[in-house]
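# Reading the structure
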Amino acid sequence: MNAWLAIAVATAIAFGTKVAGHLVPAGVLERPRVRRVTGALPVALLAALVVTQTATGAGGSLVVDARLAAVAVAAVALLLRAPFLLVVVLGALTAAVLRAAGFA
Amino acid sequence: MTDPPGPVAPADRRPVARQGLSVGLATGAYGISFGALAVAAGFDVWQACALSLLMFTGGSQFAFVGIVASGGLAAAPSAIAASSMLGIRNGLYALELTHLLGVRGVRRLLAAHLTIDESTAVAVAQPDAPRARLGFWVAGLSVFVLWNLTTLAGALVGNAIGDPRTYGLDAAACAAFTALLWPRLRSRDAVAVAVLGGLVALLLSPALPPGIPVVVASLAALLALRAPRATANPDRAAA
C-alpha cells in the first residue's frame, strides 16, 4: 500500500470517529458493557505494541536485546513519576549506550 | 477564535487557561519523539507532519508508525486497524463533550478534531460548563499547535541523524508505548487485559505478518465483559 494512501485512510477514520461521537445521539455506546470493552481496547492494544516492538525481531521471532533493557529503564522512570519525554529519552539512551558498548 | 467562552468570571479564567496551556506544553513536547520515530519508520518529513496535522491523536499515531516500522508498508492495513481501534476512545470522549461544548457547524468539526485525551481531561476536570468549554479550547488548541511544531522538529532531527538504531530510536518507541500504557493500568482488570493482550501478541508474532498479532490481541479487551469483580456482599449473602 502506498504511504500517502495509508495515511489518508487512517486519518480519515480517526477524524470520522471523532465527528461521529459529536454527531451520533448517545445510545448503544452508552451501554455499560460496551463501554467497558471500548475502554479496555487501548490497554490491550498498547500492551501488544509494547511486547511486539520490544521483544520481536525479523519474522516475528522472540528476540532479547537492548530494547528490553530500555523498557525496564522506562518502567522504573514511570514508577518514579518521570514525565513522558524523559521516559522516552531514557529508553533511547539505554539502548544507544548498550549498543555503543557492544552489549546488545 | 470568536467562540465566547461563556460567562467565566475573569478571576476564574486564568487558572483554567494556565492548566490548559501547561497540558499543551507537556504533551506538545513529545511530538519530538513522534516526528523522529515517524521518519525512522520510513515516512518522510511531510508524511510525519501530515499525520500530526490530520490524525492528531498521539496513541494512534505512534501505533501507526510503530507497526509500519516493523512490517513496512505491507503491514499498512494492520497499522490502519490498530490506529483506528486506538482512536475509538476519542469517539467516546466526543459523546460526553458534545453537549458540554454546545457547538454547531464548522466549529463543531474543529471541536471534533481537537477531541483527544488531553482536551477531554482538562474539560471534564472543571467545576462548571463555561470553564469546561474554556479548558477544552485552550488545551486542545495549545496541544495542536505545539504537537505539530514539535513533530516537524523531531522529523527534521530524525532525518539528520541517520541510522535510528545507533541512537536507540527503536527502543524509544518501546518506551513511548510503555509510557502510554502505564497510566491506564490502574485496576486489576486493566492489568489482566494488558497481560493477556501482550501474551497473545507475543505468541502469534512468529506465525503472522507484522501488525496482525497486535490487531488480534485487541480481543483481550473482551475480558472486560466479565462482571466487575464481585466483592463480598453480606447483604446479598443474607438474602
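Residues numbered from 1 in each chain as written. Chains lettered and ligands numbered in written order. Predicted model: local features only at pLDDT ≥ 70, side-chain atom pairs only at ≥ 80, totals over all residues. Heavy atoms only, no water.

### What to know about the overall build of chain B
So the rule is basically this: A run of H or I in DSSP becomes a helix once it reaches four residues, and a run of E becomes a strand once it reaches two; helices and strands are each numbered from the N terminus. Relative accessibility under 20% of the residue-type maximum defines a buried residue, over 50% an exposed one, and the middle range a partly exposed one, all with a 1.4 Å probe and only protein chains included. Note on contacts: a residue pair qualifies if any of its non-hydrogen atoms lie within 4.5 Å across the two residues. Only the protein chains shown count as covering a residue, and every accessible area follows the Shrake-Rupley method with a 1.4 Å probe. In this tally, Lys and Arg are treated as positive and Asp and Glu as negative; His is ignored, and so are the chain termini. Where a charge lies is defined by one atom per residue type, namely NZ (Lys), CZ (Arg), CG (Asp) and CD (Glu).
When helices and strands are tallied, chain B shows 13 helices and 0 strands. Along chain B, helices and strands appear, N-terminal first, in the series α-α-α-α-α-α-α-α-α-α-α-α-α. Here chain B holds 239 residues, and the buried ones make up 50% of them. For chain B, the share of sequence-separated contacts (at least 6 apart) that also reach a separation of at least 24 residues comes to 75%. As displayed, chain B has an accessible area near 10,600 Å², and 68% of this comes from carbon and sulfur atoms. Seen as two clouds, the 16 positive and the 11 negative side-chain charges of chain B have centres 6 Å apart.

### Structural notes on the interface of chain B and chain A
Note the following rule: Buried area: the accessible area, evaluated with a 1.4 Å probe, that two parts lose upon being put together, summed over both parts. Only one rule defines a salt bridge in this text: a Lys or Arg side-chain nitrogen within 4 Å of an Asp or Glu carboxyl oxygen. The term polar contact refers here to a pair of N or O atoms within 3.5 Å; inside protein, the definition further demands a hydrogen-donor-capable atom paired with an acceptor-capable atom, and it admits residues adjacent in sequence only when both atoms are side-chain atoms. Basically, the charged four are Asp, Glu, Lys and Arg, the nonpolar ten are Ala, Val, Leu, Ile, Met, Phe, Trp, Tyr, Cys and Pro, and anything else, Gly included, counts as polar.
Each partner contributes to the interface: chain B provides 84 residues, whereas chain A provides 63 residues. Contact with chain A buries surface across chain B, with Leu95, Cys174 and Trp182 of chain B losing the most and accounting together for 9% of the total. Where Arg99 of chain A meets Asp170 of chain B, a salt bridge forms, and the shortest distance between an N and an O atom there is 2.8 Å. Where chain B packs against chain A, one counts 14 residue pairs in polar contact (both at pLDDT 80 or more). The element contributing the most residues to the side of chain B that touches chain A is helix H10 (residues 169-181) of chain B, with 12 residues. In terms of residue class, the side of chain B that touches chain A is built from 57 nonpolar, 20 polar and 7 charged.

### Quick notes on the UniProt feature "transmembrane region" (unreviewed entry) in chain A
The line we're drawing: UniProt positions are given in the numbering used here, feature names are shortened, and annotations may be inferred rather than shown by experiment.
Within this numbering scheme, the UniProt entry marks residues 40-64 and 71-98 of chain A as carrying the feature "transmembrane region" (unreviewed entry). Counted over residues 40-64 of chain A, helix gives 64% and strand 0%. Its end C-alpha atoms are 28 Å apart.

### Here's the deal with the domain arrangement of chain A
Applicable threshold: Note that the domain bounds reflect an automated or database-derived domain assignment.
Annotation of chain A at the domain level lists domain 1 (1-28) and domain 2 (29-101). Using C-alpha coordinates to define each centre, domain 1 of chain A is positioned 25 Å away from domain 2 of chain A.

### Things to note about a nonpolar patch on the surface
Heads up, the condition is: Grouping into patches uses exposed residues only, defined as over 30% relative accessible area, and leaves out salt-bridged ones; the cut-off is 9 Å for like charges and 5 Å for nonpolar side chains (Val, Leu, Ile, Met, Phe, Trp, Tyr).
A contiguous nonpolar patch, built from Met1, Leu5, Val9 and Ile13 of chain A and spanning about 310 Å² of accessible area, is present on the exposed surface. A relative accessible area of 44% means that Met1 of chain A is categorised as partly exposed.

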